[in-house]
Amino acid sequence: MTTSGPERSDPPPGSDPVIPGAVNLRDVGGLRAGASVTRHGVLFRSGNLARLDLSGTRALADLHLRRIIDLRDDDEVVREPSRLDGVDVVTQRVPLFLGSVESFFREDLSLDDMYRHLVDDSSGGVVDVVRGILADQPVLVHCTVGKDRTGVTVALTLAAAGVDADAVVADYARTEGLLPEYRNRRVVEMLRAMHPDAVHLEDLATRSPAPVMRALLDDVAGRYGSAADYLRAHGLADDELAELRRVLLRAT
């Protein structure tokens with residue numbers, strides 16, 4: 001297990017690493033957790049890494065990542081393989097959805113329903129992600145867009161570490177403003193041609209509404225007691241939760 005080195009200087013508020021070709025990539029440092037705050041330079045999140053050019057891979061290497069956790073399914077990885085030439089990093093695969101991403105559009109699930117499925121059906125994978133975060137830092141967690149699988153997993157991880165609910169929700173909600181408008185138009189047009197009558201299509205493809213994440217955290221708390229208790233119920237030990245807090249948080 002990697003131990004944290006000297007604390008890095010915090011970047012200016014609101015600044016994110018610039019990685020050419022990466023979408024929705026950000027450092028989750030600086031989030032309030034009671035009397036503590038999340039460390040910068042430890043946990044990153046993003047969409048896929050399939051469109052990095054040479055400058056993008058160099059910028060990614062400059063983050064000094066030790067581990068990348070890829071939440072995509074096999075078809076997604078084959079279709080859009082990560083471009084990591086020259087980046088010396090462990091890649092951990094943790095496919096989270098039971099079934100294809102396309103099935104959620106076909107079934108026209110709401111974000112609330114999709115997240116409930118993820119929490120209920122992929123709990124073992126969520127615990128594997130947390131253990132991957134504990135194994136090596138700095139670590140990047142990503143899926144295709146960095147919105148849903150990454151959003152839910154990172155939110156549960158942060159909440160379990162003690163990050164304030166408002167800060168967890170705000171971090172999730174940031175995604176909507178970080179997805180390029182041209183990308184959203186292209187994706188929605190393509191999906192609408194395939195699913196012309198879908199009610200929830202644009203939410204699934206482009207949106208990260210704060211009330212959806214707040215409802216998810218409330219649901220987990222109502223059924224398990226807390227996000228930490230959810231992870232405990234699916235195998236994470238108390239000493240691992242304590243280590244998660246140590247790794248992610250620092251006193252202010």
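Report on the accompanying structure. Everything numeric here is computed off the predicted structure, so don't read it as measured data.

Considering the pattern of salt bridges
No. 1: This structure, assessed with the given rule, holds 21 salt bridges.
No. 2: Linking Asp-136 and Arg-67 is a salt bridge whose minimum nitrogen-to-oxygen distance equals 2.7 Å. In this pair, Asp-136 sits in the loop between helix H5 (123-135) and strand S7 (139-142) while Arg-67 sits in strand S5 (residues 67-70), placing the two residues 69 residues apart along the sequence. For the pair formed by Asp-136 and Arg-67, the shared burial category is buried.
No. 3: The closest approach of N and O atoms between Asp-166 and Arg-214, which form a salt bridge, is 2.9 Å. Highlighted residues: Asp-166 in helix H7 (residues 165-173) and Arg-214 in helix H11 (residues 210-224), separated in sequence by 48 residues.
No. 4: Note on Arg-214: relative accessible area 35%, which makes it partly exposed.
No. 5: Here the salt bridges share partners, and the residues they tie into one network are Arg-116, Asp-120, Asp-219 and Arg-223.

Looking at the environment of Ser-103
No. 1: Turning to its location among the elements, Ser-103 is positioned in helix H3 (residues 101-107).
No. 2: Residue class for Ser-103 comes out buried when judged on its relative accessible area of 8%.

Some remarks on the sheet that holds strand S1 (residues 26-27)
No. 1: A sheet is described by the order of its strands in space; here five strands give the open sequence S1-S4-S7-S5-S6, paired in mixed fashion. On the outer flanks of this sheet lie S1 and strand S6 (90-93), each paired with one strand and no other.
No. 2: In this fold H5 packs onto strand S4 (43-46), S5, S6 and S7, with an angle of close to 170° to the strand it touches most, S5.

Describing the pairing of S6
No. 1: As judged from the four bridges shared by S5 and S6, these two strands associate in the parallel manner. Residue pairing for S6: Ile-69 is matched across the bridge by Gln-92.
No. 2: Note on the crossover from S5 through helix H2 (residues 74-79) to S6: the handedness is right-handed.

Conventions we followed
- Residues numbered from 1 in each chain as written.
- Predicted model: local features only at pLDDT ≥ 70, side-chain atom pairs only at ≥ 80, totals over all residues.
- Heavy atoms only, no water.
- Salt bridge = Lys/Arg side-chain N within 4 Å of Asp/Glu carboxyl O.
- Helix = DSSP H or I, 4+ residues; strand = E, 2+ residues; numbered from the N terminus.
- Buried < 20%, exposed > 50% of the residue type's maximum accessible area, 1.4 Å probe, protein only.
- Pairing = 2+ DSSP bridges.
- Contact = heavy atoms within 4.5 Å.
- Axes fitted to C-alpha atoms, helices over the stretch in contact; angles between N-to-C directions.
- Right-handed = clockwise from strand over helix to strand, strands pointing away.

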